Amino acid sequence: MSHHTDATLMVAGTITSPADRDRLGAALRTEDDIDVDVEMPEEAGPIGKTYIYEGTYKGYMDSVLEQTLADLGLSYTWTHGATDDIERKTIVVHEGKRHAHALSIFGEPYLCASELDCPRARAALHAFLAARAAVEALPFVYAPSAHARLHLHTQKGRP
Amino acid sequence: MGDRTTATLHLAGTITTADGLEGLWASLRSRWALERAQMAKAPKPGPLWRTYSFNEVNYGRLYQELESQILALGLSYVWEHGRGHDYPACMQVWHAGTLHHEQLSHAQEPYLEYSQRDDAERRAAIAAFLAARDAVFAQPFLYAPSAHSLLAIHAQKDQP
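As a starting point, this report considers the structure included with it. Just so we're clear, the structure is a prediction, and the values are computed from it rather than from any experiment.

1. Quick notes on the packing of aromatic side chains
Between two aromatic rings, the relevant description is the distance of the centres plus the angle of the planes. Per the stated rule, a full pass over the model turns up seven aromatic pairs over all chains. Relative to Trp78(A), the ring of Tyr53(A) has its centre 5.5 Å away and its plane inclined at 55 degrees; by these criteria the two rings are tilted. With a gap of 25 residues between them, Tyr53(A) in strand 3 (residues 50-57) and Trp78(A) in strand 4 (residues 75-80) connect regions that are remote in the sequence. Judged by relative accessible area, which is 2%, Trp78(A) ranks as buried. With 5.4 Å between their ring centres and 45 degrees between their planes, Tyr59(B) and Tyr87(B) make a pair best called tilted. Taken as a pair, Tyr59(B) in the loop between strand 3 (50-58) and helix 3 (64-72) and Tyr87(B) in the loop between strand 4 (76-81) and strand 5 (89-95) lie far apart in primary sequence, 28 residues in all. Within the aromatic cluster, the residues linked to one another by ring pairs are Phe54(B), Tyr63(B) and Trp79(B). Above the ring of Tyr114(B), the side-chain terminus of Arg117(B) is found at 4.0 Å from the ring centroid.

What follows is the structure, given as structure tokens:
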């Protein structure tokens, strides 16, 4: 058994200034021993939204990265595998609200036997699923001006 | 994580014959069950609520020879093992001849995946597993090599 596991970060939302773009780029590469491929665009446009972190300690997200995502108002999902004492889990932050849920070995959220008839547990699971679906559907774009944002929206509407 | 994990065996039921008992004890010893001090003592008539811990169990599987010996003595058991790098924690319950097998979450509980939420059969399987598990845990593990000693144990149990 190991204390280290892989994690996947999926980011969604809009970066609205070059400074924010550079700050996020640096935060995504926070740890030297983490292998993550980050490309930040020079011009307005969509950004690749999925980043894979190999060998995170117990699946924890770096606190600087977490704070940066919060400061920039971005939504994200963070999914990590199991370690010797931590279960596999997805954390979703959407519209400033945090949801977390354990995943089965098949990567699905689940209810424990004691929670099957618990309305609170079922509601938490539904809220988690809704937030996760919303983040997955949301694009991750770089649009440093109102004009660029408008341009991206116009492009999105095209066939 | 690797292919091997830790496991725990709980035994329940009444041993009514010495036949096969030595073999069971020898198997437990040879597998390096951790309750070695208990096993060094010859069993005497009476309750023997016993739990054994094992390390380095390949894929968490219950040793076939050990299982055969337990079944031959007519005992119930619960076998639970931790997870490995590509398999989850599981619990196997044998109660009165019915085998139940369940995957466990980190909290050592069986679980219902979201896609199974409306699956009545799966919910019934979980309920049956829990009932069998609780029944085995509630059952004492007794050594009563004769009908007379079994009566004596029950008489003792009923005393205030």
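2. A look at the nonpolar core
Leu9(A), Leu24(A), Leu28(A), Tyr51(A), Tyr53(A) and Leu69(A) are the most contacted members of the largest nonpolar core, which has 24 residues in total. When contributions to this core are tallied by element, the ones reaching two or more residues are strand 1 (4-15), helix 1 (18-28), strand 3, helix 2 (63-71), strand 4, strand 5 (89-94) and strand 8 (140-142) of chain A.

3. Regarding a negative patch on the surface
A grouping of Asp6(A), Asp35(A), Asp37(A), Glu39(A) and Glu54(A) is seen on the molecular surface, where their side chains present a negatively charged patch. Here Asp35(A) is to be found in the loop between helix 1 and strand 2 (45-46).

4. Quick notes on the environment of Tyr52(B)
Structurally, the position occupied by Tyr52(B) is in strand 3. Sequence spacing of Tyr52(B) and Arg29(B) is 23 residues, and the spatial spacing of their C-alpha atoms is 10 Å.

5. Let's talk about the packing of helix 1 of chain A against helix 2 of chain A
The description of two packed helices rests on the angle between their axes and on the distance between the axes. Residue and element names in this part refer to chain A. Relative orientation of the contacting elements helix 1 and helix 2 amounts to 155 degrees, with a least axis distance of 9 Å. Judged by the inter-axis angle, helix 1 sits roughly antiparallel to helix 2. Between helix 1 and helix 2 the crossing geometry is left-handed. Along its contact with helix 1, which presents Arg23, Leu24, Ala27 and Leu28, the element helix 2 presents Leu65, Thr68, Leu69 and Asp71. Split into classes, the residues belonging to the contact of helix 1 with helix 2 amount to five nonpolar, one polar and two charged.

6. Points about the interface of chain A and chain B
Many analyses report the size of an interface as the accessible area lost when the parts associate. Tallying the contact residues gives 24 residues for chain A and 20 residues for chain B. Carbon and sulfur atoms make up 57% of the area that chain A and chain B hide from each other, which totals about 1800 Å². Across the chain A-chain B interface, the total number found is one salt bridge. Close ionic contact of Asp117(A) with Arg123(B) constitutes a salt bridge, the shortest N to O distance being 3.2 Å. Here chain A and chain B share nine residue pairs in polar contact (both at pLDDT 80 or more) between them.

7. Description of helix 3 (residues 119-137) of chain A
Residues and elements named next belong to chain A. Helix length check: helix 3, at 19 residues, gives a terminal C-alpha distance of 27 Å against a target of 27 Å (1.5 Å per residue), a fit within 8%. Listing the buried residues of helix 3 in full gives Ala121, Leu125, Phe128, Leu129, Ala131 and Val135. Contact partners of the buried residues in helix 3: strand 1, strand 4, strand 5, strand 6 (97-102) and strand 7 (110-112).

8. Let's talk about helix 1 of chain A
Residues and elements named next belong to chain A. Those residues of helix 1 that fall on the buried side of the exposure criterion are Arg21, Leu24, Gly25, Ala27 and Leu28. In an axial view of helix 1, the angular spread of the buried residues amounts to 165 degrees, which keeps them on one side of the axis. Looking at the buried side of helix 1, the elements it contacts are strand 1, strand 3, helix 2 and strand 8.

Reading the values: rules and limits
In every chain, residue numbers begin from 1 and rise along the written sequence. Lettering for chains starts from A, numbering for ligands starts from 1, and both go in the order in which the items are written. Only residues with pLDDT of at least 70 are given local features in this predicted model, and only at 80 or more are side-chain atom pairs given and counted; all residues enter the totals for whole chains, interfaces and linings. Think of the side-chain values as coming from all heavy atoms in the structure, minus any hydrogens and water. In this analysis, rings of Phe, Tyr and Trp, with Trp reduced to its six-membered ring, are considered paired at centre separations within 6.5 Å, and the interplanar angle assigns stacked below 30 degrees, edge-to-face beyond 60, and tilted for intermediate values. A run of H or I in DSSP counts as a helix once it spans at least four residues, and a run of E counts as a strand once it spans at least two, with each numbered from the N terminus. Only protein chains enter the accessibility calculation, which uses a 1.4 Å probe. A residue is then buried if its area is under 20% of the maximum for its type, exposed if over 50%, and partly exposed in between. Think of it as a cone above the ring: NZ of Lys or CZ of Arg counts as a charge over the ring if it is within 6 Å of the ring centre and within 35 degrees of the ring normal. Take the buried residues of types Ala, Val, Leu, Ile, Met, Phe, Trp, Tyr and Cys, join any two whose side-chain atoms come within 4.5 Å, and each joined set is a nonpolar core. A patch consists of residues exposed above 30% relative accessible area that lack any salt bridge, with like charges linked at up to 9 Å and nonpolar side chains (Val, Leu, Ile, Met, Phe, Trp, Tyr) linked at up to 5 Å. For every accessible area listed, the method is Shrake-Rupley and the probe measures 1.4 Å; residues are considered covered only by the protein chains on display. Salt bridges are identified by distance alone: a Lys or Arg side-chain nitrogen within 4 Å of an Asp or Glu carboxyl oxygen. When charges are tallied, Lys and Arg are placed among the positive residues and Asp and Glu among the negative ones, while His and the ends of the chain are skipped. Taken as the charge location is NZ of Lys, CZ of Arg, CG of Asp or CD of Glu. Fitted lines through C-alpha atoms give the axes, limited to the stretch in contact for helices. The angle between two N-to-C directions lies from 0 to 180 degrees. Here is the rule for angles: anything less than 35 degrees is roughly parallel, anything more than 145 is roughly antiparallel, 65 through 115 is roughly perpendicular, and the remaining ranges are oblique. In this scheme the handedness of a crossing depends on how the near helix is turned from the far one: anticlockwise by less than a right angle means left-handed, clockwise means right-handed. A contact between two residues is defined here by any heavy atoms of the two lying within 4.5 Å. For this classification, Asp, Glu, Lys and Arg are treated as charged, while Ala, Val, Leu, Ile, Met, Phe, Trp, Tyr, Cys and Pro are nonpolar and the rest, including Gly, are polar. Two parts lose some accessible area (1.4 Å probe) when they are put together, and adding that loss for both gives the buried area. Whenever two N or O atoms come within 3.5 Å, that pair is a polar contact, provided that in protein one can donate a hydrogen and the other can accept it, and provided that, for residues adjacent in sequence, both atoms are side-chain atoms. To estimate the expected span of a helix, subtract one from its residue number and multiply by 1.5 Å. Think of the arc as the fan of directions from the helix axis to the C-beta atoms.

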